[in-house]
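Chain and residue survey
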Amino acid sequence: MRRYKRRKFCKKWVRLSLFAILFFLAIFTFKKGIDSVTWAENSIWDILQLGENQADISDNWNLVLVNRNHRIPKDYEMELTELSNGQKVDSRIYPELQAMFDAARADGLQLFVREGYRTSEEQQQILDEKIEAYEKEGNSRIEAEKLAKEWVAVPRTSEHELGLSVDINADTSISSSDSVYTWLAENAHRYGFVKRYPSDKTKITGISNEPWHYRYVGKEAAEEMEEKGVCLEEYVELCKQSFLETERQKRRFWWTIRN
Ligand SMILES: [Zn+2]
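It should be emphasised that the depicted structure is a prediction, and the values quoted were computed from it without experimental measurement.

Geometrically, a metal with four donors at the corners of a regular tetrahedron has ideal angles of 109.5 degrees, and one with six donors at the corners of a regular octahedron has ideal angles of 90 or 180 degrees. Here the zinc ion is held by the protein donor atoms His 160 (NE2), Asp 167 (OD), Asp 167 (OD) and His 213 (ND1), which lie 2.1 to 2.8 Å from it. Considering all four donor atoms around the zinc ion, the spread of angles at the metal, 51 to 149°, places the coordination shape in the irregular class. Considered as a linear motif, the donors of the zinc ion on their single chain read H-x6-D-x45-H. Taken together, the residues span a long stretch of sequence, with His 160 in the loop between helix H6 (141-151) and strand E6 (165-170) and His 213 in strand E8 (residues 213-216) at a distance of 53 residues. For His 160, a relative accessible area of 4% puts it in the buried group. Overall, His 213 belongs to the buried group, its relative accessible area being 3%.

Laid out in structure tokens, this is it:
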């Protein structure tokens, strides 16, 4: 009788465990179905940290999406070019960046790259300094970390670590910041750059308006983003949708031929 009871008890646990495994598999499949493009790039750890996918670097390098939820892979590599003031950028964006600066200077503006490429270590240092500053103001460590992360990106989530973004400032002895920001907002897309964190997209990007932060996405994407009024998060999603639609159409086409 006791053995029978124990067997029944064991069966119940096996059934419960199987149900739990199936339940988690279903959740994973659902989540990854939505975000299938980044699936192949994720490590088990990344998957377990729900919402912290690794940035997809398999497709167009110029459209790599990096934000709080899309981290730069640890082995991400790029070739850098050093600017005259010591700042560095990904070599692939240098010609367009130079062309943009030449055009702005021809229009009488004086501007410079205040911040280009940053290593993960440098990003960590900036974050640590910000945390320390908040602690000195009397906040607890946890509070200070929370406050600092509202302003400074966690390492591997800053676009500066890609080398594709630049913070552009005015040489204020010659030009006003406003005149430089206005010129960039009107012209940067012609050179493949977009204002990455516009004021009307803060809910999507999670970052406040930064009129100085420009991201290279290539001329075609920049023109399209400008025309549609979308930010990079929205644009990448549109590209995914149009890719999926093309695949669906292809499948429909072959289905029609076969039948
Ligand atoms: Zn920046």
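Anyway, onward from the coordinates.
With that out of the way, let us pick up unusual backbone geometry. Of note, the phi angle at Arg 156 is positive, near 75°, even though the residue is not glycine. Arg 156 gets classed as buried once you look at its relative accessible area, which sits at 16%.

This part takes up the pattern of salt bridges. This model, assessed by the stated rule, comprises 14 salt bridges. A salt bridge links Glu 245 to Arg 248; the nearest nitrogen and oxygen atoms lie 2.8 Å apart. One end of the pair, Glu 245, and the other, Arg 248, are both in helix H10 (residues 232-258), three residues apart, so they sit about a helical turn from each other. Residue classification places Glu 245 among the partly exposed residues on the basis of a relative accessible area of 29%.

This part covers the nonpolar core. In terms of nonpolar packing, the biggest core is built from 31 residues, with Leu 97, Met 100, Ile 168 and Phe 193 touching the most fellow members. Contributions of two or more residues to this core are made by helix H4 (94-106), strand E5 (111-115), E6, helix H7 (177-187) and E8. Of the residues forming this core, the biggest block, five residues, is contributed by H4. In this structure Ile 168 touches Met 100, Phe 101, Leu 111, Phe 112, Val 180, Tyr 181, Leu 184, Trp 212 and Tyr 214, once residues within four positions along its chain are discounted. Judged by nonpolar contacts, the second largest core, of 11 residues, contains Leu 63, Leu 65, Leu 232 and Tyr 235.

The strand order across the open sheet formed by four strands is E5-E6-E8-E7, and the pairing between neighbours is antiparallel. This sheet does not close on itself; its edge strands, each paired only once, are E5 and strand E7 (193-195). The sheet shows a mean angle of 40° between the axes of neighbouring strands, direction not considered. The pairing of E7 with E8 spans three bridges and is antiparallel. If you follow Lys 195 over to E8, its bridge partner there is Tyr 214. Contacting E5, E6, E7 and E8, H4 crosses the sheet at an angle of about 140° to E5.

Thresholds, definitions, all that
Residues numbered from 1 in each chain as written. Predicted model: local features only at pLDDT ≥ 70, side-chain atom pairs only at ≥ 80, totals over all residues. Heavy atoms only, no water. Donors = N, O, S within 2.8 Å, 3.2 Å for Na, K, Ca; no water. Tetrahedral: all angles 85-135°; square planar, octahedral: opposite > 155°, others 65-115°. Helix = DSSP H or I, 4+ residues; strand = E, 2+ residues; numbered from the N terminus. Buried < 20%, exposed > 50% of the residue type's maximum accessible area, 1.4 Å probe, protein only. Salt bridge = Lys/Arg side-chain N within 4 Å of Asp/Glu carboxyl O. Core = buried A, V, L, I, M, F, W, Y, C linked by side-chain atoms within 4.5 Å. Contact = heavy atoms within 4.5 Å. Pairing = 2+ DSSP bridges. Axes fitted to C-alpha atoms, helices over the stretch in contact; angles between N-to-C directions.

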